[in-house]
Amino acid sequence: MKFVARFLKDESGATAIEYGLIAALISVAIIGGVSATGGGVSDTFNTISGNL
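Keep in mind it's a predicted model, so treat the numbers as computed, not measured.

Engineer: Looking at this structure, I do not really get the overall build of the protein. What am I missing?
Structural biologist: The number of helices and strands found in the protein is 2 helices and 0 strands. In terms of overall dimensions, the protein is more spread out than a globule: its C-alpha atoms have a radius of gyration of 23 Å, far above the 10 Å expected for 52 residues. C-alpha extents for the protein along the principal axes are approximately 75 × 15 × 5 Å. Taking all 52 residues of the protein together, 0% fall into the buried category. Surface summary for the protein: the accessible area is close to 4,700 Å², and the carbon and sulfur share equals 71%.

Engineer: Help me understand a nonpolar patch on the surface, please; the structure alone is not making it clear to me.
Structural biologist: On the surface, Tyr-19, Ile-22, Ile-26, Ile-30 and Val-34 cluster together into a nonpolar patch covering about 540 Å² of accessible area. With relative accessibility at 54%, the residue Val-34 sits in the exposed group.

Engineer: How should I be thinking about the environment of Glu-18 in this particular structure?
Structural biologist: One can find Glu-18 in helix α2 (residues 12–51). When its relative accessible area of 49% is taken as the criterion, Glu-18 is described as partly exposed. For the pair Glu-18 and Thr-47, spaced 29 residues apart in sequence, the C-alpha to C-alpha distance is 44 Å.

What counts and what doesn't
- Residues numbered from 1 in each chain as written.
- Predicted model: local features only at pLDDT ≥ 70, side-chain atom pairs only at ≥ 80, totals over all residues.
- Heavy atoms only, no water.
- Helix = DSSP H or I, 4+ residues; strand = E, 2+ residues; numbered from the N terminus.
- Rg over C-alpha atoms; globule rule 2.2 N^0.38 Å.
- Buried < 20%, exposed > 50% of the residue type's maximum accessible area, 1.4 Å probe, protein only.
- Areas by Shrake-Rupley, 256 points an atom, 1.4 Å probe, with all protein chains shown as cover.
- Patch = residues over 30% accessible without salt bridge, like charges linked within 9 Å, V, L, I, M, F, W, Y side chains within 5 Å.
- Salt bridge = Lys/Arg side-chain N within 4 Å of Asp/Glu carboxyl O.

Functional significance is not addressed by these values, which are geometric in nature.
And the structure:
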């Protein structure tokens, strides 16, 4: 019975899952931002190289 009570009070696994979800959301935001600005940066470099 003590094992079950201790297991139900243990939140270390939940904390690890929360940190994992936060890291996943941050990585999705970074990938989205890089994808959104990647085309503009590529066009800029192509324009510069064409002018050179």
